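Letter by letter, the chains look like this.
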Amino acid sequence: MADALKDKWDKAFRGFRALVTSSYVEANVKNGLQFEASGYNAAVAAGANFDVEFQTGAKPVIIKDHQVAFTGAGITINVYEAPTTSAGTAGTVYNLNRRNPIAATASHKIAPTVTATGAQVGATTYGLGGTGVGPSVVSAFATPGVERVLKPSTKYLFRITNNDAAAQKIAAYLTWYEGTPDLPEA
């Protein structure tokens, strides 16, 4: 096997064979280590919060993308570490690989009771929209090409605040990788 692999590498470097590359997300999906979850609130009151608790498991988590859609004039999004929460509705976590999925260690709850937000761990994201123009979408805390690495066995609070004078619909989508990053090397 080693000789066959060496032959493939030799051909690739001489221009007789292609090198195939994959993005991290593509490799994560194929390895069963990319997950997703979402949440929706059909009527977040003016000035109210739409809270989502995200609990990492035994593995570090790398947030690959976080999208928030809203129907009003504006929102703010903040992420906190080590909040004090209780209750909430358990959300469903999906693996993006249906062929050989690995079980997620992270979980999330929609609308937990928040007694303390914890320490803010990212810049506030401002979503600017317009009433009557349809939904707006903003990337928050992580955007394509920019990642966030979260500690294992740690609770986070994703808080979306309605800055409109009226109620609005808010939907959130999150996708992440679970496992030890390849950088920095140990």
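Here the structure is shown first, and the text comes after it.
Residues numbered from 1 in each chain as written. Predicted model: local features only at pLDDT ≥ 70, side-chain atom pairs only at ≥ 80, totals over all residues. Heavy atoms only, no water.

Participant: What's the story with the overall build of the protein chain in this structure? I'm lost.
Facilitator: Helix and strand counts for the protein chain come out as 2 helices and 15 strands. Each principal axis of the C-alpha distribution contributes one length, and for the protein chain these read about 70 × 35 × 30 Å. Carbon and sulfur atoms make up 57% of the accessible area of the protein chain, which totals about 10,300 Å². Each charge class in the protein chain was averaged separately, 16 positive and 14 negative side chains, and the resulting centres sit 4 Å apart. (Helix = DSSP H or I, 4+ residues; strand = E, 2+ residues; numbered from the N terminus. Areas by Shrake-Rupley, 256 points an atom, 1.4 Å probe, with all protein chains shown as cover. Lys, Arg positive; Asp, Glu negative; His and termini not counted. Charge placed at Lys NZ, Arg CZ, Asp CG, Glu CD.)

Participant: Got a minute to help me understand helix H1 (residues 2–13) in this structure?
Facilitator: Residues spaced three or four apart along an α-helix face the same direction, because each turn holds 3.6 residues. Between its first and last C-alpha atoms H1 spans 17 Å; for 12 residues at 1.5 Å apiece the expected length is 16 Å, and the two agree. Just past H1, the residue Gly15 takes up positive phi, approximately 90°. (Expected span 1.5 Å × (residues − 1).)

Participant: Explain empty space enclosed by the protein to me, please; I cannot follow it from the model alone.
Facilitator: Leftover empty space is mapped by rolling, across the atoms, a probe with the size of a water molecule. Under the defined criterion, the tally for this structure stands at 1 cavity of 30 Å³ or more. By volume, the largest cavity is sized at about 130 Å³. Only strand S1 (34–44), strand S2 (49–55), strand S14 (155–162) and strand S15 (168–178) provide two or more residues apiece to the lining of the largest cavity. Residue composition of the lining of the largest cavity, by class: 8 nonpolar, 4 polar and no charged. (1 Å grid on protein atoms, 1.4 Å probe; cavity = no way out; pocket = protein on both sides within 12 Å on 5 of 7 lines; lining within 4 Å. Points joined across faces, edges and corners; volume = space filled by probe spheres on them. Nonpolar A, V, L, I, M, F, W, Y, C, P; charged D, E, K, R; others polar.)

Participant: Would you explain the side chain of Thr175 in this entry?
Facilitator: Looking at the secondary structure, you find Thr175 in strand S15. One polar contact links the side chain of Thr175 to the main-chain carbonyl oxygen of Phe35, over a distance of 2.8 Å. When neighbours within four sequence positions are excluded, Thr175 is seen to be in contact with Gln34, Phe35, Glu36, Ile62, Ile63, Lys64, Asp65 and Leu96. (Polar contact = N/O pair within 3.5 Å; in protein donor to acceptor, adjacent residues only side chain to side chain. Contact = heavy atoms within 4.5 Å.)

Participant: Just checking my understanding: could you explain the layout of surface pockets for this structure?
Facilitator: In this model, the largest pocket occupies a volume close to 180 Å³. Along the walls of the largest pocket sit Tyr24, Asn28, Ile62, Lys64, Glu147, Tyr177, Thr180, Pro181, Asp182 and Leu183, which together make up its complete lining. When residues of the lining of the largest pocket are traced back to their parent elements, those giving at least two are helix H2 (24–30) and strand S3 (61–70).

Participant: Help me understand a nonpolar patch on the surface in this model?
Facilitator: On the surface, a nonpolar cluster with roughly 470 Å² of combined accessible area is contributed by Leu5, Trp9, Phe13 and Leu19. What makes Trp9 partly exposed here is its relative accessible area of 43%. (Patch = residues over 30% accessible without salt bridge, like charges linked within 9 Å, V, L, I, M, F, W, Y side chains within 5 Å. Salt bridge = Lys/Arg side-chain N within 4 Å of Asp/Glu carboxyl O. Buried < 20%, exposed > 50% of the residue type's maximum accessible area, 1.4 Å probe, protein only.)

Participant: Even after reading the chapter, I still don't get the packing of aromatic side chains, so can you show me in this structure?
Facilitator: Aromatic ring pairs: the centre-centre distance and the angle between the two ring planes describe each pair. Going through the model one piece at a time under the given rule, you end up with 3 aromatic pairs. Where Phe54 meets Phe158, the ring centres are 6.1 Å apart and the plane angle is 85°; that geometry is what we call edge-to-face. One end of the pair, Phe54, is in strand S2; the other, Phe158, is in strand S14, and 104 residues separate them in sequence. Residue class for Phe54 comes out buried when judged on its relative accessible area of 1%. For Phe158, a relative accessible area of 4% translates into the label buried. When the centroid spacing of 5.0 Å and the interplanar angle of 80° are considered together, the rings of Phe54 and Trp176 count as edge-to-face. (Phe/Tyr/Trp six-rings, centres within 6.5 Å; stacked < 30°, edge-to-face > 60°.)

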